[in-house]
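Secondary and tertiary structure notes
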Amino acid sequence: MADTKVYRASTTAPVNIAVVKYWGKRDPKLNLPTNSSLSVTLSQDDLRTLTTASCSSAYKEDTLLLNGSPSDLTGARTQACLRELRSRRAALESNDASLPKLSTMPLLLVSENNFPTAAGLASSAAGFAALVRATADLYELPASPTELSLIARQGSGSACRSLFGGYVAWRHGSQADGLDSKAVEVAPASHWPTMRALILVVSAAKKGVSSTSGMQQTVATSGLFKQRIADVVPANMETMEAAIAAKDFAKFAEVTMRDSNSFHATCADTYPPIFYMNDVSRAAVRAVEAINAAAGRTVAAYTFDAGPNAVIYYLEEDKETILGTFYPLLQDTDGWKDGAKVFKTSVELDEAVA
Ligand code: ADP
Ligand code: DP6
Ligand code: CO
């Protein structure tokens, strides 16, 4: 009788929010970046993707259900991930005839994000990290986080950083095959465990310009972008890594805010311009400046991905100042009253991601 058994594996993956942003591809096919980037992986206790991968010869075709709706699986980047995972499974099967032939069966991927999708909160990062790891687990691949990260990068660049906890750099690399374009943990979460993030969901709506399309328009049309790649990012990477090593929050915060500003400036310099931040985002910038001025030192840092939602990094010891400032504001500001949601979170531990 034909094997119609359903094989299944589930996993979760965390979001990461860059403090030095990836924006630009030097090779759109392999998803190789124009610049290195650095992020903090946020705790899966608060924001996460949950993905179940299953396969069965009883299934008709590869299917992705994202947040309950059928979603496109035919895109070249998703296909690149699935092709790579299947070929690794096929290699195992050809060495061991007793293994079920999962590589030939249609896949069903059921995925759910517990935070807004495509709204500038790194859903593509958690999403592709979870998709790749769930499928690798289903196929029982003996793959390291680094190998899975290289596959996830092909799905979405930022996803390569979500396979690691703590503080993670994605080195741009220079090889044409992309094998040296890798994410590495620069410090474990335990190195600086008091780091916290406050996420202000200004809007949960899907962004008008996807990250993939936005960065391609920037690379093609922005003059400012050239300066960002040549000078701004290399300096920010160096200062940021030193700030993390020294646990220097003031430096960490300054580079985080400057890099976010530089990234959004290149978006504004794109022709036609791209605006991800809105008036409420800009109010969050001013609120952080006011908190820092009132404290007489730097206690908070804002950063915005490709969307209007603010991520505010701060340290546990300044919790009262930060939350005391933002919670009343959430009540009083029109933009944050309706549908606003606040996530408070910490840094994901490395052990939880292995
Ligand atoms: P974000 O800022 O949320 O990362 P992007 O524009 O980079 O937004 O990517 C959003 C896209 O990522 C979605 O339209 C979808 O194609 C993909 N994506 C998001 N979540 C998942 C998931 N859980 N599984 C698979 N793909 C996902
Ligand atoms: C602003 O990784 O979403 O969040 O590789 O095209 O899927 P694709 O883009 P994506 O871009 C993320 C851009 C960013 C900055 C960052 O996360 O480093
Ligand atoms: Co994304």
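The rules behind each value
Residues numbered from 1 in each chain as written. Chains lettered and ligands numbered in written order. Predicted model: local features only at pLDDT ≥ 70, side-chain atom pairs only at ≥ 80, totals over all residues. Helix = DSSP H or I, 4+ residues; strand = E, 2+ residues; numbered from the N terminus. Buried ≥ 20, exposed ≤ 12 C-beta atoms within 10 Å, placed from the backbone. pLDDT = per-residue confidence, 0-100. Contact = placed C-beta atoms within 7 Å. Near = placed C-beta within 6 Å. Nonpolar A, V, L, I, M, F, W, Y, C, P; charged D, E, K, R; others polar. Expected span 1.5 Å × (residues − 1). Pairing = 2+ DSSP bridges. Axes fitted to C-alpha atoms, helices over the stretch in contact; angles between N-to-C directions.

On to unusual backbone geometry, then. Both trends apply: most residues other than glycine have a negative phi, and most peptide bonds are in trans. Residue P272 is bonded to the preceding Y271 through a cis peptide linkage, with omega at -5 degrees. With respect to the helices, strands and loops of the structure, P272 is situated in the loop between α6 (249-268) and α7 (279-295). A positive phi is found at A118, a non-glycine position, where the angle reads about 60 degrees. Turning to its location among the elements, A118 is positioned in the loop between β9 (107-113) and α2 (123-138). Look at A118 and you get partly exposed, because 18 C-beta atoms sit within 10 Å. For A122, which is not glycine, the phi torsion reads 65 degrees and is therefore positive. For A122, a count of 31 C-beta atoms within 10 Å translates into the label buried.

A separate point is the confidence of the model for the protein chain. When pLDDT is averaged along the protein chain, the result is 93, and 93% of the positions lie at 70 or above. Low confidence marks residues 332-339, where pLDDT is under 50. Its contacts with residues over four positions away, or in another chain, come to eleven contacts. Predicted complex metrics record ipTM = 0.99 and pTM = 0.95.

Inspection of the region around ligand 1 gives 21 residues, with S111, S123, S124, G127 and S211 positioned closest. Looking at the shell around ligand 1, the elements that each hand over two or more residues are β9 and α2. Considering each element in turn, the shell around ligand 1 owes the most residues, five residues, to α2. Counted by class, the shell around ligand 1 contains eight nonpolar, twelve polar and one charged residues.

Another aspect to go through is α2. Taking 1.5 Å per residue, 16 residues should reach 22 Å; α2 reaches 22 Å between its end C-alpha atoms and fits that length. Burial analysis of α2 places 15 of its 16 residues in the buried class, the great majority of the element. Within two residues after α2, E140 carries a phi angle of roughly 50 degrees, on the positive side.

With that settled, consider the sheet that holds strand β5 (residues 37-41). Strand pairs in the sheet, formed through backbone hydrogen bonds, run parallel or antiparallel to each other. Strand order in the open sheet formed by four strands is β2-β5-β10-β11, and the pairing between neighbours is antiparallel. One side of each edge strand has no neighbouring strand; the edge strands of this open sheet are β2 (16-20) and β11 (183-187). The mean inter-strand angle of the sheet, taken between neighbouring strand axes irrespective of direction, is 35 degrees. With four bridges joining them, β5 and strand β10 (residues 167-170) adopt antiparallel strand pairing. If you follow V40 over to β10, its bridge partner there is Y167.

Attention now goes to the site of ligand 2. Residues in contact with ligand 2 amount to 15 residues; listed here are only the nearest, A18, S156, G157, S158 and T212. Its residues assigned to classes, the shell around ligand 2 shows five nonpolar, eight polar and two charged.

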